[in-house]
Amino acid sequence: MAEKQLSEYVTLVSSDGFEFRILRSAACIAKTVQKALDPAYGFKEDQENKMTLSNINGVVLEKVCEYLYYNQKYAKAKDVPDPDIPPELCLELLIAADYLQC
């Protein structure tokens, strides 16, 4: 049986219905997303290339997506600039990062 070709992009959906289409390689930096999209586990998220995050709103998920790309971009860099994080989102981002394991 031939292996399924993994999609280059996946869609993360916030609790308020906003959809963010990002590179699978960036999305899988978050261990929770990586496990949900792993074909070995057989979750529907892998089959649909879409993961709904019912406890993360659109504003926070947008910042999470920005962070995932930021993390991917600077993974091997030595002088990394600070990311732009609005103070009013810090607590929600911390909770989302804990849930997503990123």
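Within each chain, residues carry numbers counting from 1 in the order of the written sequence. pLDDT decides what is reported in this predicted model: residues at 70 or higher carry local features, side-chain atom pairs at 80 or more are listed and counted, and totals for whole chains, interfaces and linings draw on all residues regardless. Where side-chain values are given, they derive from all heavy atoms of the structure, hydrogens and water being excluded.

Where an unreviewed UniProt entry is consulted, the protein chain appears under the name Elongin-C, with the organism given as Lophiotrema nucula. UniProt positions are given in the numbering used here, feature names are shortened, and annotations may be inferred rather than shown by experiment. Checking UniProt for the protein chain, the heading Function (unreviewed entry) contains the comment "Essential component of the SCF (SKP1-CUL1-F-box protein) E3 ubiquitin ligase complexes, which mediate the ubiquitination and subsequent proteasomal degradation of target proteins. Controls sulfur metabolite repression, probably by mediating the inactivation or degradation of the metR transcription factor." Under the UniProt heading Subcellular location (unreviewed entry), the note attached to the protein chain is "Nucleus".

Basic side-chain nitrogens of Lys or Arg form a salt bridge, by our definition, when they fall within 4 Å of a carboxyl oxygen of Asp or Glu. Under the definition given, this model contains two salt bridges. Here E19 and K50 are joined by a salt bridge, their closest N and O atoms 3.4 Å apart. Placement of E19 in strand 2 (residues 19-23) and of K50 in strand 3 (residues 50-52) is noted, with a sequence separation of 31 residues between them. Taking the relative accessible area as the measure of exposure, K50 reaches 31% and is therefore partly exposed. Between E66 and K63 there is a salt bridge; the shortest N-O distance is 3.0 Å. One end of the pair, E66, and the other, K63, are both in helix 4 (residues 58-73), three residues apart, so they sit about a helical turn from each other. Note on conventions: DSSP H or I runs of at least 4 residues are helices, E runs of at least 2 residues are strands, and numbering of each starts at the N terminus. Type-normalised accessible area, obtained with a 1.4 Å probe on protein chains alone, sets the label of each residue: buried when under 20%, exposed when over 50%, and partly exposed for intermediate values.

Moving on to the environment of D98. Among the secondary structure elements, D98 is positioned in helix 5 (residues 90-100). According to the relative accessible area criterion, D98 is exposed, its value standing at 63%. Sequence separation of D98 and T32 is 66 residues, and the distance between their C-alpha atoms is 9.7 Å.

Once that is clear, we can look at the sheet that holds strand 1 (residues 9-13). Pairing between two strands is assigned when DSSP locates at least 2 bridges connecting them. Strands sit in the order 2-1-3 across an open sheet of three strands; the sheet is mixed. The two strands at the open ends of the sheet, each matched to only one other strand, are strand 2 and strand 3. The average undirected angle you get between the axes of adjacent strands in this sheet is 25°. In what follows, residue pairs with any heavy atoms lying within 4.5 Å of each other are defined as contacts. Fitted lines through C-alpha atoms serve as axes, helices being fitted only where they are in contact, and the angles separating the N-to-C directions of these axes extend from 0 to 180 degrees. Sheet strands touched by helix 4: strand 1 and strand 2. Its angle to strand 2, the strand with the most contacts, is close to 5°.

Taking the numbering used here, the UniProt-annotated feature "domain: SKP1 component POZ" (unreviewed entry) corresponds to residues 9-72. Summarising residues 9-72: 47% helix, 20% strand, and an end-to-end C-alpha distance of 15 Å.

So, on to the nonpolar core. Counting residues in each nonpolar core, the largest one holds 23 residues, and the members touching the most others are L12, I22, V33, L61 and V64. When residues of this core are traced back to their parent elements, those giving at least two are strand 1, strand 2, helix 1 (24-27), helix 2 (31-36), helix 4 and helix 5. When residues in this core are grouped by element, the largest group, five residues, is from helix 4. The contact partners of L61, leaving out residues within four places of it in the chain, are L12, V13, S14, F20, L53 and I56. By convention a nonpolar core is built from buried Ala, Val, Leu, Ile, Met, Phe, Trp, Tyr and Cys residues, the set being connected through side-chain atoms within 4.5 Å.

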